Every structure is written in C-alpha cells, then in structure tokens.
Amino acid sequence: TRMRSFIGCGYAGTITPPVIQRNILENPAWYTQYTPYQAEISQGRLEALLNFQTVVADLTGLPLAGASLLDAATAAAEAMGMAWTAARQKKSRFFVSEDCHPQTLAVVKTRAEALGIEVVVGSIDAFDGDDVCGALVQYPTTFGQVEDYGAFAEQVHAAGALLIVAADLLSLTLLRAPGEFGADICVGSSQRFGVPLGYGGPHAAFLATTEKHKRSLPVRLIGVSRDATGSPSLRMALQTL
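Keep in mind the model is a prediction, meaning the values are calculated, not measured. (Residues numbered from 1 in each chain as written. Predicted model: local features only at pLDDT ≥ 70, side-chain atom pairs only at ≥ 80, totals over all residues. Heavy atoms only, no water.)

Let us look at the sheet that holds strand 3 (residues 118-122). The mixed open sheet is built from seven strands, whose spatial order is 1-7-6-5-4-2-3. Only two strands of the sheet have a single partner each, and these edge strands are strand 1 (64-65) and strand 3. Taken together, the four bridges between strand 2 (residues 93-97) and strand 4 (residues 132-139) define a ladder with parallel strand orientation. Paired with Val96 across the strands is Leu136, a residue of strand 4. This element, helix 2 (residues 43-60), spans strand 1, strand 6 (185-189) and strand 7 (205-209) of the sheet and lies at about 60° to strand 7. Contacts from helix 4 (residues 102-115) reach strand 2, strand 3 and strand 4 within the one sheet, and its direction differs from that of strand 3 by about 155°. (Pairing = 2+ DSSP bridges. Helix = DSSP H or I, 4+ residues; strand = E, 2+ residues; numbered from the N terminus. Contact = heavy atoms within 4.5 Å. Axes fitted to C-alpha atoms, helices over the stretch in contact; angles between N-to-C directions.)

Along the chain, the position of Leu70 falls in the loop between strand 1 and helix 3 (72-86). Taking the C-alpha atoms as reference points, Leu70 and Val55, 15 residues apart in sequence, are found 18 Å from one another.

This paragraph deals with the nonpolar core. In this structure, Phe94, Val96, Val108, Leu136, Ile164, Ile185 and Val187 are the most contacted members of the largest nonpolar core, which totals 30 residues. Residue assignment for this core shows that the elements contributing at least two residues are helix 3, strand 2, helix 4, strand 4, strand 5 (162-167), strand 6 and strand 7. Among the elements that make up this core, the one with the highest residue count is helix 3 (seven residues). Beyond its immediate stretch of four places on either side in the chain, Ile164 contacts Ala79, Met80, Ala83, Phe94, Ala135, Leu136, Val137, Ile185 and Val187. Listed in part, the 26 residues of the second largest apolar core include Ala135, Val156, Phe181 and Ala208. (Core = buried A, V, L, I, M, F, W, Y, C linked by side-chain atoms within 4.5 Å. Buried < 20%, exposed > 50% of the residue type's maximum accessible area, 1.4 Å probe, protein only.)

Gly150, Phe152, Ala153 and Val156 are the residues of helix 5 (residues 150-158) that are buried. Mapping the buried residues of helix 5 onto a view down its axis gives an arc of 155°, with all of them on the same face. Exposed positions of helix 5 whose direction lies more than 90 degrees from the buried face are Ala151, Glu154 and Ala158. Elements that come into contact with the buried residues of helix 5 comprise strand 2, strand 4 and strand 5. Just past helix 5, the residue Gly160 takes up positive phi, approximately 75°. (Arc of directions from axis to C-beta.)

Attention shifts here to helix 3. Here helix 3 spans 21 Å end to end across 15 residues, near enough to the 21 Å set by a 1.5 Å rise per residue. The complete set of buried residues in helix 3 reads Ala73, Thr74, Ala75, Ala76, Ala77, Ala79, Met80, Gly81, Met82, Ala83 and Trp84. Where the residues of helix 3 are buried, they touch strand 2, helix 4, strand 4, strand 5, strand 6 and strand 7. Taken from the residues just after helix 3, Arg88 is the one with a positive phi, measuring 55°. (Expected span 1.5 Å × (residues − 1).)

The subject of this paragraph is the packing of aromatic side chains. Using the criterion set out here, one finds six aromatic pairs in the structure. Residues Tyr139 and Phe181 carry aromatic rings whose centres are separated by 5.3 Å and whose planes lie at 75° to one another, so their mutual orientation is edge-to-face. Residue Tyr139 is found in strand 4, and its partner Phe181 is found in the loop between strand 5 and strand 6; the two are separated by 42 residues along the sequence. Judged by its relative accessible area of 7%, Phe181 falls in the buried class. Measuring from ring centre to ring centre gives 6.3 Å for Tyr149 and Phe181, while their planes differ by 50°; the resulting arrangement is tilted. Highlighted residues: Tyr149 in the loop between strand 4 and helix 5 and Phe181 in the loop between strand 5 and strand 6, separated in sequence by 32 residues. Through a chain of ring-to-ring contacts, three or more aromatic side chains come together here, namely Phe95, Phe127 and Phe152. (Phe/Tyr/Trp six-rings, centres within 6.5 Å; stacked < 30°, edge-to-face > 60°.)

Next up, the structure:
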C-alpha cells in the first residue's frame, strides 16, 4: 500500500497576509452574507472574480475559466457531468485514475450514481475507452508523483472521450500546464493560494475548459463589456448555477 503524499490530499497549511485578512475577509463592507447572491451589483467584486478567472486560465493553459464552484471534489463531479453531456449522455462509463484524491473519488461516485454513470477506477496503463465519456486524473497524484499524461491524453481522445485533470493550482506555476498536454477540462482547489484550512473547507474551486464546452460550464463567467456611456464594465456573461 502506497502512503499518501505529504501535501495532504490537496490541502496544505497556508499563511494569509494580515492586510488581506483584515481588510477583505473581516471587512463586512467588502464581503457579507449576501455577496454570493449579489455579485452583479458590484464592479469591484466582479473584478475580483475576473482576476481569479484570468489567473486560472493562465496557469491551466485553457482559454476559459469560471468562478463560484464549491470545492475540488464537486468541481470534478461537475466536470464528469460536462463529459457526459458532451457525449450526449450516450456513453455510460467514466474512468477515474486510482491516483486521485480519495475525497474526489467519493464525490464523483456519489454524483455518478444519481446520473446512472458507471465509475471505473484503475491504473491509466489499463485504460479501456469502450463506452467511456471521460477520464479523470490527478496532477500531481495523491501520492505526490508528477506524471506525464501526454500519451494518455491521446488515448482518451482516440476513444472519443474528454480528459479531465484535477490539478494543484500552485504547482502549475512550475509544472507543464494541463492545456498544453491535451486536457479538455482542468479542475481543482484554490486553497493553496493563501486560504486558511478552516477545518476542511469548503474552499473555492476552479474549472477551466476550451471554448468548445463553454455552454456547459457549471459556473459563473464574468466578462468585460461596455456600459451605456461606452466605458468598460464587467458583467455576468454566463451563469448556469
């Protein structure tokens, strides 16, 4: 039995700069209990979401990223739903690498049961693409290994399925971007970007994908537009929540 990685299955102790903690997290003028439901009324909050999307898109190497997902495990489950939708709900199997975090696998299995999808867990070396709508891998793995998924991406695409990469966002500042080796969707948690552990979360997740799948994004998508006077303004360009 292999030991789990020292990174804590995707969670890590972080230090939140006091100036951010005091002036944002503890500032009711910036963040109240109504903020998640009123993002469209504040340009400042929309700008923060746009900045988040931009960072995620840059690090994942995918052109389209959204905001407002709950945590990494549920983001992976949403990505599975996207793959199932892309296959027009005609492929009933979903492959998950045995190297994924246990909480991610648990949530994916629970969501799959409700959708009638069969989850196949195993090694990527034993991947069978028959009737598979998508494949989920961890990058780095839950055991701390950094794998090269380039060849596997080609295998998944040859089977007519989508490759979903659950990535450590901070590690992508050093590692090859998932979009560069063929990922169709990239998900994960932003906890390591300075969010306190908070007894397990949830912590804001991210989901990035290609333009082809933008209509099935399960997130808020903030876009840049112009107001009635022609000045730049931010708006909720797409919302499927």
